[in-house]
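These are the residues of each chain, in order.
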Amino acid sequence: MRLVFDDEHDQLRASLRGFLEAKSPESEVRRLMATADGFDPEFWSLLAKDLELTALIVPERFGGAGAGQRELSVVFEEFGRAMTCAPLFATVALATNVLLSSQDEQAKQRYLPGICDGTTRATLAHTERDRRWGPETVQSTATERDGKWSLTGRKAWVVDGATAELVLVTARTAVGIGLFAVTAPAPGMSTEPAELIDQTRKYAHMRFDEVTAELIGGPGDSWPDIQRGLDLAAISLAAEQIGGAQRLLEMATQYAILRSQFGRAIGSFQAIKHACTDLLLEVEGAKSAVYEASWTADEDPAKLRVTASLAQAVSSQVYYQAAKTNIQIHGGIGFTWEHPAHLFYRRAKCSELYLGDPAHHRKVIAEQLGL
């Protein structure tokens, strides 16, 4: 069956889970989310050089491991389960996928080796103040003078934008939307922290004032390539969401078994039973959508647009519902700062809106199916 992971996937999952339980426990997540950068450089080095996660989906000719989306989904599922603080999503799911989706072999040769060995942290700056994820959001402009490009405009909610060393920026040109690379820090580029309820992932607003940039891809409209990169990123985000939802399901059921009231475990009450059962069915359904999208990305890219949006729409809602249900089952303790339930709730709410909310992705599905 095409959706069943093989032994290598299971080994990858098991090794990652053990690693993250040791290196990224809740105490470490809380420590890092209180810092300005939101990650530990030594931990990042382990991810890149020891585990080689930054090189996972990069083709071997650029120094990577040549794996696919199925392997990457396993990685992000485990990272979502641990809610690990690291710029892996920005660097790999966003920047690397957009670079790989471009038709510019020279740019890939220039930037991907640094991403693979961990010396280059990267991100994608696409959304602007309207928070949309389609091409209509792009109001920033790029102009060419004497063979050199310069960017002017603002970008909002850029994941790990303040710490990225390579920023890929979407901007309008005379012929459409182009993709541009900016090596940070750069004259004319400034960043400011963007405060959101989720403190485990750092966001930034960015401003570009005639910033020198390198055009990636040909002189024509690059939006189709950018869109493919965003679709692949949506699958990784969905995998992260189902990892978090699975962990919340486990937290809720464990507490329902251990917590007693009126002389019996609360898990024996019908309302709690139904809540846990419904959540189990929702999580398993979301997993199926994510695994199908992961397989499609590797084996049937013609269906990627639909399956990626389906995975993102379903997983966003299930993760948020799991976060709410977990808090409700825990009762008063679930609302306290000391309990991890609220950390997952905050991550779930922000992730629900990132890369497009469920309504956006349902609209994409309808358009692709001609409905």
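Computed from a predicted structure; not experimentally measured. (Residues numbered from 1 in each chain as written. Predicted model: local features only at pLDDT ≥ 70, side-chain atom pairs only at ≥ 80, totals over all residues. Heavy atoms only, no water.)

**Description of the overall build of the protein**
Applicable threshold: Counting from the N terminus, the helices are DSSP H or I runs at least four residues long and the strands are E runs at least two residues long. Values of the radius of gyration come from C-alpha atoms, whereas the globule rule sets the reference at 2.2 Å times the count of residues to the power 0.38. Residue burial is assigned from relative accessible area. The probe radius is 1.4 Å, only protein chains are included, and a residue is buried under 20% of its type maximum, exposed over 50%, and partly exposed in between. We call two residues in contact whenever any of their non-hydrogen atoms come within 4.5 Å of each other. Each accessible area value is a Shrake-Rupley result obtained with a 1.4 Å probe; residue values ignore everything except the protein chains displayed when judging cover. Charged residues are defined narrowly, with Lys and Arg counted positive, Asp and Glu counted negative, and His plus the chain ends left uncounted. Just so you know, the charge point we use is NZ for Lys, CZ for Arg, CG for Asp and CD for Glu.
Scanning the protein from terminus to terminus reveals eleven helices and nine strands. For the protein, whose C-alpha radius of gyration is 21 Å, the value lies close to the compact-globule estimate of 21 Å for 371 residues. Projected onto its principal axes, the C-alpha positions of the protein cover 80 × 45 × 40 Å. Counting every position in the protein, which comprises 371 residues, the buried fraction comes to 56%. Put simply, 75% of the contacts in the protein that link residues at least 6 apart link residues at least 24 apart. Surface summary for the protein: the accessible area is close to 16200 Å², and the carbon and sulfur share equals 52%. Each charge class in the protein can be summarised by its mean position, and for the 38 positive and 48 negative side chains these summaries are 6 Å apart.

**Some thoughts on the UniProt feature "domain: Acyl-CoA dehydrogenase/oxidase C-terminal" (unreviewed entry) in the protein**
Selection criterion: UniProt positions are given in the numbering used here, feature names are shortened, and annotations may be inferred rather than shown by experiment.
In this structure's numbering, the residues bearing the UniProt feature "domain: Acyl-CoA dehydrogenase/oxidase C-terminal" (unreviewed entry) are residues 223–369. Secondary structure within residues 223–369 divides into 80% helix and 3% strand; the distance between the first and last C-alpha atoms comes to 20 Å.

**Regarding the nonpolar core**
Using the following cut-off: Residues belong to one nonpolar core when they are buried, are Ala, Val, Leu, Ile, Met, Phe, Trp, Tyr or Cys, and are joined through side-chain atoms within 4.5 Å.
The biggest cluster of nonpolar side chains holds 86 residues, and the ones touching the most others in it are L168, Y354 and L355. With 15 residues, the single largest contributor to this core is helix 7 (residues 223–258). Ignoring anything within four residues of it in the chain, the contact list for Y354 reads F89, L94, W133, W157, V159, Y203, L237 and Q312. Counting residues in each nonpolar core, the second largest holds 19 residues, with A142, F180, M189 and V211 among its members.

**Comments concerning a positive patch on the surface**
Formally: A residue counts toward a patch only above 30% relative accessible area and without a salt bridge, and it is joined to like-charged neighbours within 9 Å or, for Val, Leu, Ile, Met, Phe, Trp and Tyr, to nonpolar neighbours within 5 Å. Salt bridge, as applied in this entry: a Lys or Arg side-chain nitrogen positioned within 4 Å of an Asp or Glu carboxyl oxygen.
Among the surface-exposed residues, R129, R131, R154 and R207 lie close enough to one another that they form a single positively charged patch. Secondary-structure assignment places R129 in the loop between strand 1 (122–125) and strand 2 (141–145).

**Brief notes about the environment of T191**
Assignment of secondary structure puts T191 in strand 6 (residues 189–194). Along the sequence, T191 and H205 sit 14 residues apart, while their C-alpha atoms lie 5.6 Å from each other. With sequence-adjacent residues up to four places away left out, T191 is seen in contact with G161, A162, H205 and M206.

**A short note on the state of the cysteines**
How we decide: Note on disulfides: each one is a pair of cysteine sulfur atoms within 2.5 Å.
All told, the structure shown has zero disulfides when counted by the stated rule. For C85, which is in no disulfide, the shortest distance to another cysteine sulfur is to C350 and amounts to 13 Å. The exposure class of C85 is buried, given its relative accessible area of 2%.

**As for the environment of E165**
Applied cut-off: Polar contact criterion, stated in full: a pair of N or O atoms within 3.5 Å, where within protein one must be able to donate a hydrogen and the other to accept it, and residues adjacent in sequence count only if both atoms are side-chain atoms.
Assignment of secondary structure puts E165 in the loop between strand 3 (148–159) and strand 4 (166–173). The class of E165 is partly exposed, set by a relative accessible area of 26%. Taking the C-alpha atoms as reference points, E165 and I115, separated by 50 residues in sequence, lie 10.0 Å from one another. With residues up to four places along the chain from it excluded, the contact list for E165 reads T119, T120, R121, V182, T183 and A184. Separated by 2.7 Å, the side chain of E165 and the backbone nitrogen of R121 make a polar contact.

**Some thoughts on helix 6 (residues 105–116)**
The condition is simple: Expected span, for any helix, means 1.5 Å times one less than how many residues it has.
Compared with the 16 Å implied by 1.5 Å per residue over twelve residues, the 16 Å span of helix 6 between its first and last C-alpha is a close match. Looking at the packing, one finds that the buried side of helix 6 touches helix 3 (41–50), helix 5 (88–101), strand 1, strand 4, strand 5 (176–183) and strand 7 (203–216). Sitting at the head of helix 6, D104 places a side-chain oxygen 3.2 Å from the backbone nitrogen of Q106. Looking one or two residues past helix 6, G118 carries a phi angle of roughly 85 degrees, positive in sign.

**Quick look at the pairing of strand 3**
Selection rule: At least two bridges found by DSSP between two strands are what make those strands a pair.
Counting buried residues along strand 3, nine of its twelve residues qualify, which places the element largely inside the surrounding structure. Here five bridges tie strand 2 to strand 3, and the two strands are oriented antiparallel to one another. Across the sheet, the residue bridging to R145 is K148, located in strand 3. Where strand 2 hands over to strand 3, the hairpin turn is made up of two residues, of which D146 adopts a positive phi near 55 degrees. Relative to strand 7, strand 3 runs antiparallel, the two sharing nine bridges. When the sheet's bridge partners are listed, L151 is paired in strand 7 with V211.

**Some points on the packing of helix 1 (residues 7–23) against helix 4 (residues 69–82)**
Here is the rule we go by: Angles run from 0 to 180 degrees between N-to-C directions of axes, and those axes are lines fitted to C-alpha atoms, restricted for helices to the stretch in contact. Roughly parallel here means an angle under 35 degrees, roughly antiparallel means over 145, roughly perpendicular means 65 to 115, and every remaining angle is called oblique. A crossing counts as left-handed when the near helix is turned anticlockwise from the far one by less than a right angle, and as right-handed when that turn is clockwise. Each residue is assigned to one class: nonpolar for Ala, Val, Leu, Ile, Met, Phe, Trp, Tyr, Cys and Pro, charged for Asp, Glu, Lys and Arg, and polar for all the others, Gly among them.
At a minimum axis distance of 10 Å, the contact between helix 1 and helix 4 shows a crossing angle of 25 degrees. On the basis of their axis angle, the class for helix 1 and helix 4 is roughly parallel. In this structure, the crossing between helix 1 and helix 4 has a hand that is right-handed. Contacts between helix 1 and helix 4 involve H9, L12, R13, L16, R17 and L20 from the first element and R70, E71, V74, V75, E77, E78, F79, R81 and A82 from the second. Split by residue class, the contact of helix 1 with helix 4 holds seven nonpolar, one polar and seven charged.

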